[in-house]
Amino acid sequence: MMRLLAAAVAEPSARLAPLPGFVESPFSPLVFEACRRCLDAQLVDGARTAVVLCSLMGDTATADLASRRLVGGRVHNPLLFMQATANSVLGYLSREFGITGQQLSLSTLDDPLAETLAMADVLLDEPDLDRVLVVGVELAGGARVEAVRGELAGGAPSRSGAVQGDLAVAVLLGRDGGPAVPVPQARPGPPGSLRGLLDLARTTVGGTR
Amino acid sequence: MGADVVVTGFGVRTAFGAGAPALRHGVFGGRPAFAPTSRFDTGPYRTPMAAAAPDGPSGTGSLRPELVACGAEALDMAGLPAGEAAVLVGAAGDYTTITHFWRSGDDVEGATAPYADAVPAVLAEAVADGLGLRGPRFAFTNACVASSAAIIHACRLIASGRIEVALCAGGYLVEEEVFAKFDSGRALARDGAVRPFSADRSGLLLGDGVAAVVLESAGHARSRGARPLSTVAGWGAASDAYHIARPHPDGAGLAAAARQALRRAGDPAGATIDYVNAHGTGTRHNDVAETRGLRSVFGARAGSVPVSSTKSTTGHLLEAAGVVEFVITMLALTDGVLPPTAGYTRPDPECDLDCVPHVARPADARRALTLNAAFGGANTALVLERP
């Protein structure tokens, strides 16, 4: 049985603080903000805490900005190199909160809620761990992301299609304390949708915003 | 302790070509694969060098078919048909599709490129569908520990009895997006040589790498008469909590991961480890940190444990590093030969390890440790044991 100890949702806003060393993309600030709120709400032993980041497409803002610079013949900004992988913000997070457990990043076409809960269940069986911080993050993206979404939906590459907003959802899980995490229900939806994680965060403990 | 985890098959491709014979020639032969790459115009960059075959290790030039081909080879070697195996793939996606999209301008509607291959999970799905595997499938995207993290997760799933079989893969093919980022970060060796643990090391070079391994419970392998190539005796993972890109200067996370793996292998002091396949990128920061980490793990014995970096021949394979180096480590145990650190010139007092310079070394090695580290201070360790 897994228990939900804290939850938080982060969306773009004027109050979203920039992160030192991260530029242009909201990906890392959103991840950090959602995680920070969880970890501020519930103290953890960093040595016994793992972090699982789940994002179907990753930091598309950084990837597309870097690619457009390349195609345009411009030199890369070294900061884009530093933040090119989701590991970077997890490194920042781990330093700020003293988290020395494993950090993982996943991409799944299935329901991120089901996949990350299954991952957390495995991690919580490890003798060295008793908390798992799960964070899901997706960016609305631009033309390329739209084209990819069109392909994933079964159509040809296209510049049209529904766009979801930038969003990060974090939940802190353990074996004790807090309400039980319900078994995720199969839910139709676009690949990698954060809807299940968002519902868990909002309905179970309110999901601070 | 749970079920024992064994390896029963593998497929591997690097700039040296496909399969174990190519690794024996290149990696164990101490022959660096670096050359000016013709895959894209390297004019804007500080170096043209990479360990990249002109169109990828088997001529397809595309990550998806290379991953599927390696997976098929691994299943074939294991003698496993399509089934319920989990598919765990370490990959960041095919970045060439991103470049292609932005170069295509407004002509996207007529384009035929599968832009979705930029999505890591799509590659995992492609491997599973292409091989008829019906278990859970997803991608690990945590950079240079992605495929070792996939192996560790598979070990946990198997040891806990959740699954019996997993196909773990990883892939990276040299392309301009990532090359340009590493160039901008001044991480690439400008003189075209990777010299891990040498006093004059100046950085890494990228390389092509794709590999897949079949992991299964020992009982499952036994029940179908499969011969284990290796046992995965231990695994561990830990974070540095230090910096977004640089390793902890004392290799703290790497040492913690190694200690976890050794504890699980029943050897907390590492007394039974006969060889270490190091992360060994050849950068100023990594190699000192890794040396300190290994010294803290092995104590007084550290200077006498053979430690080599095979990135000196293959280049840095990024998301594929973990699984390719896992295969290399397994070959070292089965062949009784330790791969060398190529390109070594002169000792660095801060990297005072036995780094097996230049020439492969015969050794009756029974157990080995393979280490990987990544941006964000993510570290993994795996202990392999010869059956």
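To keep things clear, this report deals only with the structure shown in the data block. This structure is a prediction, so every number in the text was calculated from the model and none was measured.

Things to note about the environment of G93(B)
Residues and elements named next belong to chain B.
Then step 1. Along the polypeptide, G93 turns up in the loop between β5 (86-90) and α3 (96-103).
Then step 2. Expressed as a C-alpha distance, the spacing of G93 and R64, which sit 29 residues apart in the sequence, is 9.1 Å.
Then step 3. Those residues within four positions of G93 in sequence are excluded, and the remaining contacts are L63, D117, A118, P120 and L123.

Overview of the environment of A140(A)
Then step 1. Tracing the sequence through the fold places A140(A) in the loop between β4 (131-138) and α6 (143-152).
Then step 2. As for A140(A) and D130(A), which are separated by ten residues in sequence, their C-alpha atoms are 33 Å apart.

Some points on the interface of chain A and chain B
Then step 1. Contact with chain A, which involves 55 residues of that partner, is made by 58 residues of chain B.
Then step 2. Approximately 4,800 Å² of surface area, both sides summed, lies buried where chain A meets chain B, with 62% of it carried by carbon and sulfur atoms.
Then step 3. At the junction of chain A with chain B, the criterion picks out five salt bridges.
Then step 4. Here R162(B) makes a salt bridge to D121(A), at a shortest N to O gap of 3.0 Å.
Then step 5. Linking chain A with chain B are 18 residue pairs in polar contact (both at pLDDT 80 or more).

Digging into the packing of aromatic side chains
Then step 1. If you walk through the whole model with that rule in mind, you get eleven aromatic pairs over all chains.
Then step 2. Ring plane angle 45° and centroid distance 6.3 Å describe the contact between F32(A) and F97(A), whose orientation is recorded as tilted. Note that F32(A) is positioned in helix α1 (residues 27-41) and F97(A) in helix α4 (residues 87-97), a separation of 65 residues in sequence.
Then step 3. Taking the relative accessible area as the measure of exposure, F32(A) reaches 11% and is therefore buried.
Then step 4. By relative accessible area, F97(A) is classed as partly exposed at 24%.
Then step 5. In this structure, R68(A) packs its charged tip against the face of W102(B), placed 4.5 Å from the ring centre.

Quick notes on the pattern of salt bridges
Then step 1. Applying the stated criterion across every chain, the model contains 38 salt bridges over all chains.
Then step 2. Here D130(A) and R48(A) are joined by a salt bridge, their closest N and O atoms 2.9 Å apart. Placement of D130(A) in the loop between α5 (112-124) and β4 and of R48(A) in the loop between α1 and β2 (49-54) is noted, with a sequence separation of 82 residues between them.
Then step 3. Of the residues examined, D130(A) reaches a relative accessible area of 28% and is grouped as partly exposed.
Then step 4. Its salt-bridge partner being R367(B), residue E385(B) comes within 2.7 Å of it at the nearest N-O pair. You can see E385(B) sitting in strand β15 (residues 378-385) and its partner R367(B) sitting in strand β14 (residues 367-374), a full 18 residues away along the chain. Neither residue differs from the other here; E385(B) and R367(B) are each classed as buried.
Then step 5. Where salt bridges share partners, they join E33(A), R36(A), R37(A) and D40(A) into one cluster.

Quick word on the side chain of T62(A)
All names here are of chain A.
Then step 1. Of note, T62 is situated in helix α2 (residues 60-71).
Then step 2. Classification of T62 by relative accessible area gives buried; the value is 3%.
Then step 3. Beyond its immediate chain neighbours, meaning those up to four positions away, T62 contacts S25, L80, Q83 and A84.

Some remarks on the environment of P306(B)
Residues and elements named next belong to chain B.
Then step 1. With respect to the helices and strands, P306 occurs in the loop between α9 (284-298) and β11 (307-308).
Then step 2. Sequence spacing of P306 and I273 is 33 residues, and the spatial spacing of their C-alpha atoms is 9.3 Å.
Then step 3. When near neighbours in sequence (up to four residues on either side) are disregarded, P306 contacts D274, Y275, V276, L338, D354, V356 and R361.

Some points on helix α4 (residues 120-131) of chain B
Then step 1. The first and last C-alpha atoms of α4(B) sit 17 Å apart over twelve residues, in line with the 16 Å expected at 1.5 Å per residue.
Then step 2. Where burial is concerned, most of α4(B) is hidden: nine out of the twelve residues are buried.
Then step 3. Looking at the buried positions of α4(B), the neighbouring elements they touch are β3 (103-107) and α6 of chain A together with α2 (63-78), β5, β6 (137-140) and β7 (165-172) of chain B.
Then step 4. Positive phi shows up at G132(B), right after α4(B), with a value of about 70°.

Notes on the pairing of β14(B)
Residues and elements named next belong to chain B.
Then step 1. Among the eight residues that make up β14, eight are buried, leaving the element largely enclosed by the rest of the structure.
Then step 2. Along β14, one buried face is formed by R367, L369, L371 and A373 and the opposite face, lined by A368, T370, N372 and A374, is buried too.
Then step 3. Pairing between strand β10 (residues 275-277) and β14: three bridges, direction parallel. Looking across to β14, one finds that V276 is bridged to L369.
Then step 4. Both β14 and β15 contribute to a ladder of eight bridges, which runs antiparallel. The residue bridging A374 from the neighbouring strand is A378, located in β15.
Then step 5. In textbook terms, the turn of a hairpin is the stretch between consecutive antiparallel strands, and for β14 and β15 this stretch comprises three residues, one of which, G376, has a positive phi near 80°.

Comments concerning unusual backbone geometry
Then step 1. We note that E24(A) has phi near 70°; this positive angle belongs to a residue other than glycine.
Then step 2. Here E24(A) lies in the loop between β1 (3-10) and α1.
Then step 3. Its identity as a non-glycine residue notwithstanding, F197(B) has a phi of 70°, on the positive side.
Then step 4. Residue class for F197(B) comes out buried when judged on its relative accessible area of 0%.

Things to note about the packing of helix α5 (residues 146-159) of chain B against helix α11 (residues 321-335) of chain B
Two packed helices can be described by the angle between their axes and the distance between those axes.
Residues and elements named next belong to chain B.
Then step 1. Direction vectors running N to C along α5 and α11 enclose 70°, while the axes themselves pass 5 Å from each other. Between α5 and α11, the interaxial angle falls into the category roughly perpendicular. Contact with α5, carried on its side by S147, S148 and I151, involves A321, G322, V323 and F326 of α11 and no other residues of that element.
Then step 2. Grouping the amino acids of the contact of α5 with α11 by side-chain chemistry returns four nonpolar, three polar and no charged.

Points about the state of the cysteines
Then step 1. Inspection of the entire model under this criterion finds zero disulfides over all chains.
Then step 2. Considering cysteine sulfurs only, C168(B) is the nearest to C144(B), which forms no disulfide, with 18 Å between them.

Basis of the calculations
Residues numbered from 1 in each chain as written. Chains lettered and ligands numbered in written order. Predicted model: local features only at pLDDT ≥ 70, side-chain atom pairs only at ≥ 80, totals over all residues. Heavy atoms only, no water. Helix = DSSP H or I, 4+ residues; strand = E, 2+ residues; numbered from the N terminus. Contact = heavy atoms within 4.5 Å. Buried area = accessible area lost by both parts, 1.4 Å probe. Salt bridge = Lys/Arg side-chain N within 4 Å of Asp/Glu carboxyl O. Polar contact = N/O pair within 3.5 Å; in protein donor to acceptor, adjacent residues only side chain to side chain. Phe/Tyr/Trp six-rings, centres within 6.5 Å; stacked < 30°, edge-to-face > 60°. Buried < 20%, exposed > 50% of the residue type's maximum accessible area, 1.4 Å probe, protein only. Lys NZ or Arg CZ within 6 Å of the ring centre and 35° of its normal. Expected span 1.5 Å × (residues − 1). Pairing = 2+ DSSP bridges. Axes fitted to C-alpha atoms, helices over the stretch in contact; angles between N-to-C directions. Parallel < 35°, antiparallel > 145°, perpendicular 65-115°, else oblique. Nonpolar A, V, L, I, M, F, W, Y, C, P; charged D, E, K, R; others polar. Disulfide = S-S within 2.5 Å.

Don't take any of this as a statement about function, it's just geometry.
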